[in-house]
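Overview (structure and organization)
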Amino acid sequence: SQASNNIGDDKSELSAQILADKVNATGAVTVSAKTTDDSLIKSTVSVLAGGAALSKTAVTTTIGASIAHNSITRTVVASVEDAAQLIAQGGLSVDAKNDSIIDADVLSATASVAIGKTAAAISMAANYASNSIDSSTSAYIKNIAQLDTGSQAISIRSDSSSIIRAIARAAAAGAALGKTGVSVSGAGAVALNTISSRNNAYLQNSAAVSYTHLTL
């Protein structure tokens, strides 16, 4: 059996931005971009196979294989940029949060039984699981000629969490009963997990004229 689950691609972006020449707010200004539960993949792939042969010359072969591919690609951006003036008398907060979780369980199990004067039983099981998370998270203030928060705080936060929980299991059993009996069993499981994460928070090319403190 085979399963493929994908969320997003290299062009997928969640963003919250202020792009204006002038902003004048008497209270606080908050720009927030956050992922939700849609960045969760829960995948279960199972294969169970069995075979039996009963005769003077008995031969049975059972093969089971499972393949699973799960990927999440997501870019999250929260920004304020390219303004001549931004006034936020209650303070300015720019927050980006990018959480991704893959929970994968892949199982294959096979069993073969052959009974005869001459008996041969072959049982093979194999699993392959590939899981990848590629995330980019950015929060920034850029190119603001005049940034005034009325002696209140400026907060720029970028938070990213990527988790892969993967279990790959394979089991094979074979039995050959006879005057001449041959039994061959083999099982193998491979799980390949990759996480690539880029996380940035910054203030660039902006003149902050009135604020109490800056948090990055």
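Residue positions are given per chain, counting from 1 as you read along its sequence in written order. With pLDDT at 70 or above as the cut-off, local features in this predicted model cover only qualifying residues; side-chain atom pairs require 80 or more to be listed or tallied, and sums for whole chains, interfaces and linings still use all residues. Just so you know, side-chain values use all the structure's heavy atoms and leave hydrogens and water out.

The predictor attaches a confidence to each residue, and that confidence, scored 0 to 100, is pLDDT. The pLDDT averaged across the protein chain works out to 88; a share of 99% of its residues lies at or above 70. Between the elements of the protein chain, mean pLDDT differs from a low of 71, seen in strand E13 (residues 208-210), to a high of 94, seen in strand E4 (residues 29-34). The way it works is that DSSP assigns letters per residue, a run of H or I at least four long becomes a helix, a run of E at least two long becomes a strand, and they are numbered from the N terminus.

Another point: the side chain of Ser 66. Mapped onto the secondary structure, Ser 66 falls in strand E6 (residues 57-83). Under this definition, polar contacts are N or O atom pairs within 3.5 Å; protein pairs additionally need one hydrogen-donor-capable and one acceptor-capable atom, and for neighbouring residues in sequence, both atoms have to be side-chain atoms. A distance of 3.2 Å separates a polar side-chain atom of Ser 66 from the backbone oxygen of Leu 107. Whether two residues are in contact is decided by their heavy atoms, any of which lying within 4.5 Å being enough. Beyond its immediate sequence surroundings of up to four residues, Ser 66 is in contact with Ser 1, Val 45, Ser 46, Val 47, Val 106, Leu 107, Ser 108, Ala 126, Asn 127 and Tyr 128.

With that settled, the discussion passes to the side chain of Ser 158. Within the secondary structure, Ser 158 sits in strand E11 (residues 154-177). Reaching out from Ser 158, the side chain makes a polar contact with the side chain of Asn 199 at a distance of 2.4 Å. At a separation of 3.3 Å, a polar atom in the side chain of Ser 158 contacts the main-chain carbonyl oxygen of Asn 200. Excluding residues within four positions of it along the chain, Ser 158 makes contact with Ala 96, Thr 137, Ser 138, Ala 139, Asn 199, Asn 200 and Ala 201.

On to the nonpolar core. Among buried residues, those of type Ala, Val, Leu, Ile, Met, Phe, Trp, Tyr and Cys that are joined through side-chain atoms within 4.5 Å constitute a nonpolar core. For every residue, the accessible area obtained with a 1.4 Å probe (protein chains only) is divided by the maximum for its type, and the residue is called buried under 20%, exposed over 50%, and partly exposed between those limits. Counting 22 residues, the largest nonpolar core has Val 80, Leu 86, Leu 92 and Ile 141 as the members making the most contacts within it. It is E6 that provides the largest number of residues to this core, a total of 4 residues. Apart from the residues lying within four places of it in its own chain, the contact partners of Leu 86 are Val 23, Val 80, Leu 92, Ile 144, Gln 146, Leu 147 and Asp 148. Ile 7, Ile 72, Ile 102 and Ile 133 belong to the second-largest nonpolar core, a separate cluster that totals 7 residues.

Here we take up the environment of Ile 18. By secondary structure assignment, the location of Ile 18 is in strand E2 (residues 13-18). Separated by 11 residues in sequence, Ile 18 and Ile 7 place their C-alpha atoms 26 Å apart. Apart from residues no more than four positions distant in its own chain, Ile 18 is found in contact with Val 23, Val 29, Val 31, Ser 79, Val 80 and Glu 81.

Attention shifts here to the packing of aromatic side chains. The description of an aromatic ring pair uses the distance of the two centres, along with the angle that the planes make with each other. Classification of ring pairs rests on two measures: the distance between centres of Phe, Tyr or Trp rings, Trp counted by its six-membered ring, which must be within 6.5 Å, and the angle between planes, read as stacked under 30 degrees, edge-to-face over 60 and tilted in between. Enumeration according to the criterion identifies 1 aromatic pair in this entry. Ring geometry for Tyr 140 against Tyr 202: centres 5.0 Å apart, planes inclined by 5 degrees, an arrangement best described as stacked. With Tyr 140 in strand E9 (residues 118-144) and Tyr 202 in strand E12 (residues 180-204), this pair connects stretches of sequence that are 62 residues apart. Exposure remark for Tyr 140: the relative accessible area of 10% places this residue in the buried category. Looking at Tyr 202, the relative accessible area reads 27%, which means it is partly exposed.

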